[in-house]
Amino acid sequence: MYLSSARVKAGESVLVHGASGGVGLAACQIARAYGLEVLGTAGTEEGQNVVLQNGAHKVFNHREHNYIDKIKKSVGEKGIDVIIEMLANVNLNNDLKLLSQGGRVIVVGSRGPIEINPRDTMTMESSIIGVSLYSSTKGEFRQYAAALQAGMEIGWLKPVIGSQYPLEKVAQAHENIIHSSGATGKMILLLE
């Protein structure tokens, strides 16, 4: 879904912010299957290792003060073609400065407002595209589900399970995800 919204082409580069969570890991795996150069960010050593094991060519620690400079150095003057953004209220301003000519930021998540300089989109003729699975039509939803199912059957999509909670601990699971210092894999609720 996120990559189709970005109109990606094989050979392009993609940066997945928050790549160690369930959505980020799936985005890395799918992007690699599409033939993209995959970069990711994660805030822990464990998260960085999981991101590399799940399709990323390179990973950066988003808790390091100079990680944006490291990404810029890694991609050079061309910039990044697509950024999958999980926390736009924190990263969008920097994302716009990382993009290539015609680059796209796909906003998957945000926890509040952010102020940006529109000139950052003008100089590179870049786009900011918001996506929501809940806005998909039934036909689009079926298409995404079929692609994900095929990816799991063929083996290029392998869900990574993170924290597991029994259903009666759903409140604790919610608290943990909101106040988490970083995710590794997809959090799941167990129905027993």
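Structure: see above.
This text gives an overview of the structure that appears in the document. In this text, all values refer to a predicted model and were calculated from it rather than measured experimentally.

A few points about the nonpolar core
Counting 23 residues, the largest nonpolar core has L3, V14 and V51 as its most contacted members. Counting residues per element, the ones that place at least two in this core are strand 1 (13-16), helix 2 (22-33), strand 2 (37-42), helix 3 (45-53) and strand 4 (80-85). Broken down by element, this core gets its largest block of residues, five residues, from helix 2.

Some remarks on unusual backbone geometry
Although it is not a glycine, E125 adopts a positive phi angle of roughly 50 degrees. Note on placement: E125 falls in the loop between helix 6 (119-124) and strand 6 (127-130).

Observations regarding the side chain of E85
Secondary-structure assignment places E85 in strand 4. Buried charge without a partner: E85 forms no salt bridge, and the closest opposite charge is R111, 10 Å away. A distance of 2.9 Å separates polar atoms of two side chains, one belonging to E85 and the other to N91. Apart from the residues within four sequence positions on either side, E85 is in contact with H17, N91, D95, V105, I106, V107, V108 and G109.

Looking at the environment of I83
Mapped onto the elements, I83 comes out in strand 4. Given a relative accessible area of 0%, I83 falls into the buried group. Considered as a pair, I83 and G103 are 20 residues apart in the sequence and their alpha carbons are 8.1 Å apart. Look past the residues within four positions of I83 in its chain and what remains in contact with it is L15, H17, D95, L98, L99, R104, V105 and I106.

Parameters at a glance
Residues numbered from 1 in each chain as written. Predicted model: local features only at pLDDT ≥ 70, side-chain atom pairs only at ≥ 80, totals over all residues. Heavy atoms only, no water. Core = buried A, V, L, I, M, F, W, Y, C linked by side-chain atoms within 4.5 Å. Buried < 20%, exposed > 50% of the residue type's maximum accessible area, 1.4 Å probe, protein only. Helix = DSSP H or I, 4+ residues; strand = E, 2+ residues; numbered from the N terminus. Lys, Arg positive; Asp, Glu negative; His and termini not counted. Salt bridge = Lys/Arg side-chain N within 4 Å of Asp/Glu carboxyl O. Polar contact = N/O pair within 3.5 Å; in protein donor to acceptor, adjacent residues only side chain to side chain. Contact = heavy atoms within 4.5 Å.

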